[in-house]
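Architecture at a glance
Each chain, written out:
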4 protein chains.
Amino acid sequence: MIQITLIQIDNYGPWTVTPGPRFEPDLQTLQSRLYGDLEREFGAHNAIVFFNRFDNLIAISNGMDYEAHKRIQDSIRNRYPFTISMGVGTASTAYEAQKIATKMIQMGGGAQSADRCEVLNIDSLASEDESIVQIAHIDINDITNTLTDVENAYDTSISVYDVLYNLMIELKKVDSLCFFIGGDNYMAPSNKVNPNTLRDVLQKVDEKTGVKLKAGVGIAKYPGRAADLADIGLEDIRANKTDDSVLFLED
Amino acid sequence: MIQITLIQIDNYGPWTVTPGPRFEPDLQTLQSRLYGDLEREFGAHNAIVFFNRFDNLIAISNGMDYEAHKRIQDSIRNRYPFTISMGVGTASTAYEAQKIATKMIQMGGGAQSADRCEVLNIDSLASEDESIVQIAHIDINDITNTLTDVENAYDTSISVYDVLYNLMIELKKVDSLCFFIGGDNYMAPSNKVNPNTLRDVLQKVDEKTGVKLKAGVGIAKYPGRAADLADIGLEDIRANKTDDSVLFLED
Amino acid sequence: MIQITLIQIDNYGPWTVTPGPRFEPDLQTLQSRLYGDLEREFGAHNAIVFFNRFDNLIAISNGMDYEAHKRIQDSIRNRYPFTISMGVGTASTAYEAQKIATKMIQMGGGAQSADRCEVLNIDSLASEDESIVQIAHIDINDITNTLTDVENAYDTSISVYDVLYNLMIELKKVDSLCFFIGGDNYMAPSNKVNPNTLRDVLQKVDEKTGVKLKAGVGIAKYPGRAADLADIGLEDIRANKTDDSVLFLED
Amino acid sequence: MIQITLIQIDNYGPWTVTPGPRFEPDLQTLQSRLYGDLEREFGAHNAIVFFNRFDNLIAISNGMDYEAHKRIQDSIRNRYPFTISMGVGTASTAYEAQKIATKMIQMGGGAQSADRCEVLNIDSLASEDESIVQIAHIDINDITNTLTDVENAYDTSISVYDVLYNLMIELKKVDSLCFFIGGDNYMAPSNKVNPNTLRDVLQKVDEKTGVKLKAGVGIAKYPGRAADLADIGLEDIRANKTDDSVLFLED
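The structure contained in this document is the topic of the report that follows. (Residues numbered from 1 in each chain as written. Chains lettered and ligands numbered in written order. Predicted model: local features only at pLDDT ≥ 70, side-chain atom pairs only at ≥ 80, totals over all residues. Heavy atoms only, no water.)

A few points about the overall build of chain A
Across its full length, chain A holds eight helices and 10 strands. A separation threshold of at least 6 residues defines the contact pool for chain A, and within that pool the share at least 24 residues apart is 69%. Split by element, the accessible area of chain A, about 8,000 Å² in all, is 47% carbon and sulfur. Averaging the positions of the 23 positive and the 37 negative side-chain charges in chain A gives two centres separated by 3 Å. (Helix = DSSP H or I, 4+ residues; strand = E, 2+ residues; numbered from the N terminus. Contact = heavy atoms within 4.5 Å. Areas by Shrake-Rupley, 256 points an atom, 1.4 Å probe, with all protein chains shown as cover. Lys, Arg positive; Asp, Glu negative; His and termini not counted. Charge placed at Lys NZ, Arg CZ, Asp CG, Glu CD.)

Shown next as structure tokens:
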């Protein structure tokens, strides 16, 4: 079972334009700080957060209970000009778990409701026995030599976001999620997806976008360790330890 | 003339996996901090930075000279485990300017070259007389009620990134750039694009993606002010001060 | 038993002046960030860090084991231009525990040795059974009306640092520590100090410095909770729930 | 003329205990972040901030006008759960300038008044012609070998804060200020103090505290450059380029 936490800033949209629109560089700083802070807080519990849309962030939170979430929620209230709500869901696939997590937040009220404040709704937690996280770390083969160092920066970005969108779509079809994590890197919480399926997903995206993708995949009880294994898998492919486009590692 | 700065972390890829892969939540924190810090530093000069790919960031930097860039470059070296290189270009359109900025960095060496360190190549600066920045702030109509509060979080994200990719493509066709700035918001440095052209761009993306877009557009000597005007324009559309999907404001 | 961690930046002095002196505002930012980050990391474990000298920070770390320390040490290496070493000691008083923690670091090499890197020496950890933390939160009576709002800022600061120095000296005599935590606030890890003794300490400092001090004192298994209780105690004194200058709270 | 800005968090004390006392590690993080951010913002203008008491910070701000202060004030409001007020004063000595800056804030209301919000009172600005800043960077001779590496951490801190307090007192007598900047380092805005006077100040503190102090002193139009020169002066003394305990450098 994979446990997903959806984090949403309370009533953020209206705040950004009250009394008038706030200075955009300030908002960008604020959002990046929130993301960095949540990454630290969840990271301290071996969990991992993806920025997603910055005002709606998604975490893999296996191992974290109500108290751990609550302390983070309190800490944000104590340091930011806004509060956050959280919903937590657990399921056998990441897509299903985020669906439940979303419901848990929506039950508490709308994202732009002035009444909703610091909802923390947990549908269920992954027990230690059942906890399992599969993460794929996907990147583009040799992007530095084929794009970054030869194309202009914006055209490279178009390729990177084209790949992102197509990965998002294809991975959804196999009940997985996909997030951009910078550079030419993507992370996909992908419980239950086997090597054949993932290989197919990557190939489909390769064909649509004209790049060549590879993926290290880690399977572990907790997110931090799964991500570590995924990184090692990716390094092993880069080091030509396999000819395959995917490499699965499990503790 | 719009002035664009491309900021690239020196030799970042190799560093992230030396001696072994570094903990992903640490890297995510690091990247978000770098983005937040650069946003502050450029923001202090009324400029604005977009995270782009996090290891390659793009700024509108009209008003900033060699010294201002140099101080930021030094400051990063003094606080981060890596250094950054910068290329600066100026042109009548944003797309052209980033092309020159990219060349300026590429001239200094590859993104994964261990030899390249703290390149700061400026092709030309926008003089005060010629300086002009046009920024469009684009968002999705009523996303909270149509998506965030009713769809699951991931499906909403797919829509948001679908829009992003299509905006990137369509705006490139009119020599503009487009960046995601969180939520359902996008910013497009778009010098020389007139209301008719922008209206067409939005409509094309509307049709492809099934959402409805609108844009406030600010035109000013410097980026911070242009962004402010764009925000005000967007607020005016939201407040039904116009029926149009675009509203241009200029000092 | 109270558990103290001493955190020391490795070879920091030489780094700050290599190749030439680094820009002081950059160093100040760097130090404040390190402090803020360590506070978050330790805070995520219900522990608490005091900035002390910024390059030598002191934490009460009951409840944190080798792994928890190691992950923080790794995380700093992954995000900062330097590394940190840590020594951990446990004793019945805070003064004794920090003495051991210091020895643990010094065993690993000098603070300005280029060879020492990421020492993590633990003499002993406080077991759950024996773990106990006493923290006094001390402040100056009505400083806003007597100093901040009537004196000039610097003269107020002189008073605040005068009190700090005298508290440091007097609390050492009873095997405790004292740290400035901003405003007119001080925190004293003070295991084994009873109300009478603390009352005497405060009175002595009152007489020497001409202000009037009070203290809420929390006693708990872990630092975060002890600090919370101390804060509540201080609030109760402010609310005139007692005439005493000290109020001890224990779970 | 040296220009001093006093920065004060509005109504901070009451906020920290409303509705109940907030978690101390959160407040410590918040304060360190505020300090780091202000340091960046002022640093971007070649100015420098000292943390002082964290809720009352003092900056040397020569070269910064109303707009530059205003943008910082706005930026804090946009990213923090509180606002800040600022007072600015200019005089021939630092002590006098901070006195005026304090008055400017106090005129706007009390530090714990719920009514005061974002005061920005400027008595006068240092014109470019008259602008001059003298900063002494003072440190303790060989503290690593005499204290850090041989004494326990707390006893070393007592020495460092003993020196701080005595420097604060002695430098006030010559109309200067002194701030702790971490490690064994102090910075003293000290316009008009000549080498003989400073030598005497250091000697007096040496005698009272049992350490040996030295100082590099920079004199320049703006604070950043003055600090740079002070750093270079201190390095020159460390490198035995002079036998004197003070070295003045001026552009």
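As for the sheet that holds strand β7 (residues 179-180) of chain C
Residue and element names in this part refer to chain C. As summarised here, the arrangement of the five strands in space is β7-β8-β6-β9-β10, forming an open sheet in which the pairing is mixed. On the outer flanks of this sheet lie β7 and β10 (246-250), each paired with one strand and no other. When strand β6 (residues 133-140) meets strand β9 (residues 213-220), the two strands line up antiparallel, connected through eight bridges. Note that in β9 the partner of Val133 across the bridge is Ala220. (Pairing = 2+ DSSP bridges.)

Here we look at the interface of chain D and chain B
If you look at the interface, chain D gives 10 residues, while chain B gives 10 residues. Regarding the contact of chain D and chain B, the summed buried area is about 840 Å², with carbon and sulfur atoms giving 34% of it. In terms of surface lost to chain B, no three residues of chain D exceed Arg40, Ala44 and Arg71 of chain D, which account for 59% of the buried area on that side. Linking chain D with chain B are two salt bridges, by the criterion used here. For Glu41 of chain B, the salt bridge goes to Arg40 of chain D, with nearest N and O atoms at 2.6 Å. Inspection of the region where chain D meets chain B yields six residue pairs in polar contact (both at pLDDT 80 or more). Elements with a minimum of two residues in the side of chain D that touches chain B: α2 (24-43) and α3 (66-77) of chain D. (Buried area = accessible area lost by both parts, 1.4 Å probe. Salt bridge = Lys/Arg side-chain N within 4 Å of Asp/Glu carboxyl O. Polar contact = N/O pair within 3.5 Å; in protein donor to acceptor, adjacent residues only side chain to side chain.)

Side note on the interface of chain A and chain B
At the interface, 76 residues of chain A touch 76 residues of chain B. For the pair chain A and chain B, the summed buried area comes to about 6,100 Å², and 59% of that belongs to carbon and sulfur atoms. Of all residues in chain A, the largest losses of buried area upon contact with chain B belong to Arg53, Tyr154 and Tyr161 of chain A, amounting jointly to 14% of the total for that side. Here chain A is connected to chain B by six salt bridges. One salt bridge in this structure joins Arg33 of chain B and Asp37 of chain A, with 3.8 Å as the shortest N-O distance. Our count for the contact surface shared by chain A and chain B stands at 46 residue pairs in polar contact (both at pLDDT 80 or more). Residue classes in the side of chain A that touches chain B are distributed as 31 nonpolar, 25 polar and 20 charged. (Nonpolar A, V, L, I, M, F, W, Y, C, P; charged D, E, K, R; others polar.)

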